[in-house]
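This is what each chain is made of:
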Amino acid sequence: QMPLVESGGGLVQPGGSLRLSCVASGSMFSGSSFSFYIMSWYRQTPDNGRELVADIRSGGVKNYGGSVKGRFTISKDDVKKTVYLQMNDLEPGDTGVYYCNAKLVLPVGSPREWWGQGTQVTVSS
């Protein structure tokens, strides 16, 4: 069972919207531990490689990549162990494979990190 499973990608016209979801499952996310993870969305594009789109941390602190500010919104539901990415006013430059990432920063040692399999977003008329 994949620890992170994304959904919601697809083909959309410029100016349209999509909502991506990423569901976390497995013992590493059991109980309330999901709330302590830094949950992120990255995207892989031919021109820019893999870049951070947005992340959300414990307490709800959010961070966005410069090209998506004001258009994309990241949120999460700790009970459902799900992180969302609402994408509005999509542009052709948003085309790429979107990956969900979960990172747990530990007091000692390296962070623990998991990736989803990715979901394709294509913005084209």
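Description of the structure in this document. (Residues numbered from 1 in each chain as written. Predicted model: local features only at pLDDT ≥ 70, side-chain atom pairs only at ≥ 80, totals over all residues. Heavy atoms only, no water.)

Position of Leu-52 among the secondary structure elements: in strand β5 (residues 49-56). Spatially, the C-alpha atoms of Leu-52 and Gly-66 are 9.5 Å apart, while their sequence positions differ by 14 residues. The residues touching Leu-52, leaving out its near neighbours within four places in the chain, are Ser-40, Trp-41, Tyr-42, Asn-63 and Gly-65. (Helix = DSSP H or I, 4+ residues; strand = E, 2+ residues; numbered from the N terminus. Contact = heavy atoms within 4.5 Å.)

Using the criterion set out here, one finds one disulfide in the structure. Residue Cys-22 pairs covalently with Cys-100 via a disulfide, S to S 2.1 Å. Taking the torsion about the sulfur-sulfur bond, which here is approximately -80°, the covalent link between Cys-22 and Cys-100 counts as left-handed. Remark: Cys-100 occurs in strand β9 (residues 96-104) and Cys-22 occurs in strand β3 (residues 18-24); sequence separation between them is 78 residues. By the burial criterion, Cys-22 is buried, and Cys-100 matches it. (Disulfide = S-S within 2.5 Å. Buried < 20%, exposed > 50% of the residue type's maximum accessible area, 1.4 Å probe, protein only.)

Attention now goes to the nonpolar core. With 29 residues, the main nonpolar core has Leu-4, Met-39, Trp-41, Leu-85, Met-87 and Tyr-98 as its most contacted residues. Of all the secondary structure elements, the ones that give two or more residues to this core are β3, β4 (38-45), β5, β7 (72-77), β8 (82-87), β9 and β11 (119-123). When neighbours within four sequence positions are excluded, Tyr-98 is seen to be in contact with Glu-6, Leu-20, Trp-41, Tyr-42, Arg-43, Val-53, Phe-72, Leu-85, Met-87, Gly-118, Thr-119 and Val-121. (Core = buried A, V, L, I, M, F, W, Y, C linked by side-chain atoms within 4.5 Å.)

Note that Ser-21 resides in strand β3. Spatially, the C-alpha atoms of Ser-21 and Pro-111 are 23 Å apart, while their sequence positions differ by 90 residues.

In the structure shown here, the tally under the stated rule is six aromatic pairs. Relative to Phe-34, the ring of Phe-29 lies with its centre 6.2 Å away and its plane at 65°, an arrangement referred to as edge-to-face. Like Phe-34, Phe-29 is buried. Ring centres of Tyr-99 and Trp-115 lie 6.5 Å apart, and the angle between their planes is 85°; on these two criteria the pair is classed as edge-to-face. Of this pair, Tyr-99 sits in strand β9 while Trp-115 sits in strand β10 (residues 112-115), and the two are 16 residues apart along the sequence. Ring-pair connections join several aromatic residues into one group, and the members of that group are Phe-29, Phe-34, Tyr-37 and Trp-114. A cation over a ring is seen here: Arg-19 above Tyr-84, with NZ or CZ 4.0 Å from the ring centre. (Phe/Tyr/Trp six-rings, centres within 6.5 Å; stacked < 30°, edge-to-face > 60°. Lys NZ or Arg CZ within 6 Å of the ring centre and 35° of its normal.)

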